[in-house]
Amino acid sequence: MSQSLLKTVRNTSAFLEAQRQDWEPAWRDVSQYVVPHKGVFSFSGSGGSARFSSKIIDGTASRAIRILAAGMQSGLTSPAQPWFRLRLMEKDLMEFSQVRLWLDKVENLIYNELAHAGFYQAAHSMYSELAAFGSADMYMASDDQKLFSFSCLTCGEFAWASDRYGKIDTVLRRTKMTARQLATQFGEDALSATAKRMLARDPYSMIEVGHLICPREGKNFAGKGNGQPQLAGSKNMPWASIVFEMGTDATTVLNESGFMEFPHLCGRWDVTGMDTYGYSPAMDVMPDVKMLQEMAKSQLLAVHKVVNPPMRVPAGYKQRLNLIPGAQNFVNSTQQDAVSPLYQINPDIQAVSYKIDDVRRGIREGFFNDLFLMFTGEGRSNITATEVLERSQEKMVMLGPVIERHQTEILDPLLARMLGVLQRSGRLPVAPPELEGRGLQVEYVSVLAQAQKLASSNAIRQLTEQVGRMATVAPSVLDKLDFDQCVDELASTAGVPARILRSDEEVATLRNAAKEQAETMQMPEHIGKLASAVSSVVDATKDSPEVLEALVASAGSDAGAESQKLVQEAMQLAGR
């Protein structure tokens with residue numbers, strides 16, 4: 001069985017790597033011209049590709065990709081501010097304070113785990129991989145020693161396959177480990193004969209290792225515990241995890257286990273049709289990048305020819321001409337020939353520089369640097385908030401599809417797996433009874449995600465401003481607008497913590513209490529004014545009792561108890 005499994009995973013690995021070969025030439029170009037420190041396309045020798053490239057003369061593209069990665073990091077998953085909120089699909093349940101407090105506790109727990117598991121460091125590398133190669137893979141491990149740990153694989157280290165919906169569900173990771181590391185992690189008995197000899201002779205020699213994760217068919221549920229189905233061991237989990245030696249005489253796999261959720265976060269910048277891998281901004285600007293390198297090389301050559309041109313030297317100077325600064329060359333006073341440039345060189349270096357600047361600007365725009373550095377270098381101090389808002393909306397149109405794909409392919413699986421691991425480990429707080437059987441919903445509130453929602457919040461603000469102006473002429477128009485709901489919608493769009501908003505029931509209770517308090521405070525003043533008025537009426541009606549009778553008739557049964565009592569006293573004083 002184990003030999004059959006090893007043969008199956010090796011055949012699967014060979015197929016996945018063969019399907020990837022069509023993309024490798026484009027990836028190699030990106031690695032050589034933009035990010036030479038990323039990408040592994042050869043596992044021979046000591047492993048890895050060259051970390052420096054002689055083809056890069058102008059580093060504009062390399063700097064631009066760093067700006068894009070930093071902008072995506074701060075705009076989508078910033079470690080300095082919240083970038084997601086947990087909500088319920090049934091919005092009415094969000095009115096319960098216990099539910100909101102529980103959601104806040106879970107959010108804080110997830111943020112804390114992300115900060116301590118190396119997520120943000122791996123995320124920055126992932127954004128660089130996305131911008132450069134169009135495909136990025138972050139591995140999300142979890143074991144007994146460490147609940148979460150994140151690592152970003154570089155291009156060429158992984159191979160993918162997708163399901164019929166185009167979603168990545170199979171990943172092969174090819175890496176290298178020392179014989180000592182393999183023996184420590186999997187045990188010496190699991191090693192092949194070749195690996196055992198290497199362990200005895202040179203424990204630090206490298207061995208190629210493959211790690212295949214794919215869907216496992218036919219999950220076997222053993223029974224139920226605490227009302228929940230329990231899987232019969234890691235070999236029956238929904239996702240199979242198989243580690244094996246590649247290129248050795250191994251007869252069995254090193255380890256077979258499984259995952260409850262897919263542990264690879266596979267993101268793509270842009271996808272055409274049912275392609276497995278994605279296209280990147282670096283691929284779009286690659287013609288400009290190559291042209292820039294040639295132009296920079298030509299510009300340097302022109303400068304060198306101006307500074308150090310080819311010289312016309314008389315034969316008498318042969319083997320004794322010294323052109324270094326301060327050199328002394330002895331000549332006869334009667335010698336007429338002089339050293340001079342072989343031909344006149346007058347290149348228009350300024351025009352070449354202008355053209356190079358245009359190409360650089362196009363590369364930066366291709367990497368969206370104009371979005372993340374919107375006002376850098378403009379030298380203006382009179383930029384209004386309206387201008388910032390309108391220009392931000394204009395730029396967000398360009399990144400909208402990328403943001404949506406990033407949330408769907410990376411952030412949604414990330415939070416789903418974190419919630420699953422936290423629940424199985426018993427780290428989640430006890431949920432209130434209102435949440436039983438309810439589904440959670442993730443709302444993204446990062447800078448870029450909020451910019452996508454800016455149109456709806458601006459519409460609410462503009463409506464309230466217009467209604468406010470109308471109210472100065474017709475105050476009754478305020479009854480048309482539900483200001484409480486406006487606050488709820490704005491808070492949801494801005495992604496504010498749920499605990500800072502009161503529920504509708506709490507607001508109604510506070511308003512009723514304030515109304516009762518106001519009425520209580522106004523009652524003594526009202527009674528005093530009425531008593532004074534009654535006294536005046538009594539004095540005025542002693543001679544004209546019919547006036548008092550008319551007053552009593554007008555008060556009628558609508559008067560309050562205190563008012564009726566004062567009127568009765570007034571009638572007694574008037575002798576009626």
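Our subject is the structure listed above.
Thresholds, definitions, all that
Starting afresh in each chain, residues are numbered from 1 along the sequence in its written order. Local features in this predicted model are restricted to residues whose pLDDT is 70 or higher, and side-chain atom pairs enter the listing and the counts only when it is 80 or higher, whereas totals over whole chains, interfaces and linings include all residues. Heavy atoms throughout the structure, all of them, feed into the side-chain values; hydrogens and water do not. What counts as a helix is a DSSP run of H or I of at least four residues, what counts as a strand is a run of E of at least two, and both are numbered from the N terminus. Three exposure classes are used, based on accessible area relative to the maximum for each residue type with a 1.4 Å probe and protein chains only: buried under 20%, partly exposed in between, and exposed over 50%. We call two residues in contact whenever any of their non-hydrogen atoms come within 4.5 Å of each other. For accessible areas, the Shrake-Rupley method is used with a probe of radius 1.4 Å. Any residue's cover is judged against the shown protein chains and nothing else. Here, any two strands with at least 2 DSSP bridges between them count as paired. Helix axes use the C-alpha atoms of the stretch in contact, all axes being lines fitted to C-alpha atoms, and the angles between their N-to-C directions lie in the range 0 to 180 degrees. What a helix should span is 1.5 Å times the count of its residues minus one. We define a nonpolar core as any set of buried Ala, Val, Leu, Ile, Met, Phe, Trp, Tyr and Cys residues linked to one another through side-chain atoms lying within 4.5 Å. Side-chain rings of Phe, Tyr and Trp, where Trp is taken by its six-membered ring, are said to pair if the distance between their centres is within 6.5 Å; with planes under 30 degrees apart they count as stacked, over 60 as edge-to-face, and otherwise as tilted. We define a salt bridge as a contact between a side-chain nitrogen of Lys or Arg and a carboxyl oxygen of Asp or Glu at a distance within 4 Å. In the analysis that follows, any N or O atom pair within 3.5 Å is treated as a polar contact, provided that within protein one partner can donate a hydrogen and the other can accept it, and provided that, for residues neighboring in sequence, both atoms belong to side chains.

Student: It is not clear to me how the overall build of the chain should be interpreted in this structure. Could you clarify?
Tutor: If you tally the helices and strands in the chain, you get 18 helices and 14 strands. Every one of the 576 residues in the chain was classed for burial, and the buried ones make up 39%. Within the chain, counting contacts between residues at least 6 apart in sequence, those at least 24 apart form 71% of the total. Carbon and sulfur atoms make up 53% of the accessible area of the chain, which totals about 32600 Å².

Student: Even after reading the chapter, I still don't get the sheet that holds strand 10 (residues 255–259), so can you show me in this structure?
Tutor: Across a sheet, paired strands are connected by hydrogen bonds in the backbone, their directions being either parallel or antiparallel. Reading across from one edge, 4-5-6-9-10 is the order of the five strands in this open sheet, with antiparallel pairing throughout. At either margin of the open sheet sits one strand with a lone partner, and together these are strand 4 (158–162) and strand 10. Strand-to-strand twist in this sheet, taken as the mean axis angle between neighbours without regard to direction, amounts to 20 degrees.

Student: Hey, could you run me through helix 4 (residues 97–116) in this one?
Tutor: Along an α-helix, residues three or four apart share an orientation, since each turn contains 3.6 residues. For helix 4, with 20 residues, the first-to-last C-alpha span of 29 Å sits near the 28 Å given by 1.5 Å per residue. What helix 4 keeps buried is the set V99, R100, W102, L103, D104, V106, E107, L109, I110, Y111, E113 and L114. A positive phi of about 80 degrees marks G118, the residue just after helix 4.

Student: Looking at this structure, how should I read the environment of S353?
Tutor: Within the element layout of this structure, S353 appears in helix 10 (residues 349–366). When its relative accessible area of 23% is taken as the criterion, S353 is described as partly exposed. For the pair S353 and M295, spaced 58 residues apart in sequence, the C-alpha separation works out to 9.1 Å.

Student: What is the right way to look at the sheet that holds strand 2 (residues 135–141) in this model?
Tutor: Spatially, the three strands line up as an open sheet ordered 3-2-11, and their pairing is antiparallel. Looking at which strands have only one partner, the edges of the open sheet turn out to be strand 3 (149–153) and strand 11 (264–268). Taken over all neighbouring pairs, the strand axes of this sheet differ in orientation by 20 degrees on average, direction set aside. In this sheet, strand 11 lies alongside strand 2 in antiparallel orientation, the contact comprising five bridges.

Student: Hey, could you run me through the nonpolar core in this one?
Tutor: Within soluble globular proteins, side chains that are nonpolar tend to cluster in buried spots. Ranked by size, the top nonpolar core spans 103 residues in total, and within it W83, F150 and L414 carry the most contacts. In terms of residues, this core owes the most to one element, helix 12 (residues 385–424), which gives eleven residues. Each residue touching F150, except ones within four places of it in the same chain, is listed here: L114, A117, G118, F119, A122, M138, Y139, M140 and L414. Within the second largest apolar cluster, 14 residues are counted, among which are L182, L199, V209 and V243.

Student: Is there a simple way to think about the packing of aromatic side chains in this case?
Tutor: By convention here, two paired aromatic rings are described through the distance between centres and the angle between planes. Taken as a whole, this structure holds 14 aromatic pairs when the rule is applied. Ring-pair connections join several aromatic residues into one group, and the members of that group are W23, W27, F158, W160, Y277 and Y279.

Student: Could you clarify how one ought to interpret the pattern of salt bridges in this entry?
Tutor: Side chains that differ in sign of charge can pair as their charged atoms come close. Across all of its chains, the model carries 19 salt bridges by this definition. Here E90 ties to R438 by a salt bridge, and the two come within 3.6 Å at their closest N and O atoms. Within this pair, whereas E90 is found in the loop between strand 1 (84–88) and helix 4, its partner R438 is found in the loop between helix 12 and strand 14 (440–444), the two being separated by 348 residues in sequence. The partly exposed category is assigned to E90, whose relative accessible area is 31%.

Student: Just to check I follow, could you spell out the pairing of strand 9 (residues 239–245) for this structure?
Tutor: Walk down a regular strand and you will see the side chains alternate between the two sheet faces. Across the seven residues that make up strand 9, a large majority, seven, are buried. In strand 9, alternate side chains face the same way, and those of W239, S241, V243 and E245 on one face and A240, I242 and F244 on the other are all buried. Taken together, the five bridges between strand 9 and strand 10 define a ladder with antiparallel strand orientation. Within the sheet, the bridge partner assigned to V243 lies in strand 10 and is N255.

Student: Is there a simple way to think about the side chain of Q73 in this case?
Tutor: Looking at the secondary structure, you find Q73 in helix 3 (residues 60–76). The class of Q73 is buried, set by a relative accessible area of 10%. Within polar-contact distance, the side chain of Q73 engages the backbone oxygen of Y120 at 3.3 Å. Excluding residues within four positions of it along the chain, Q73 makes contact with S78, P79, Y120, A123, H124 and Y127.

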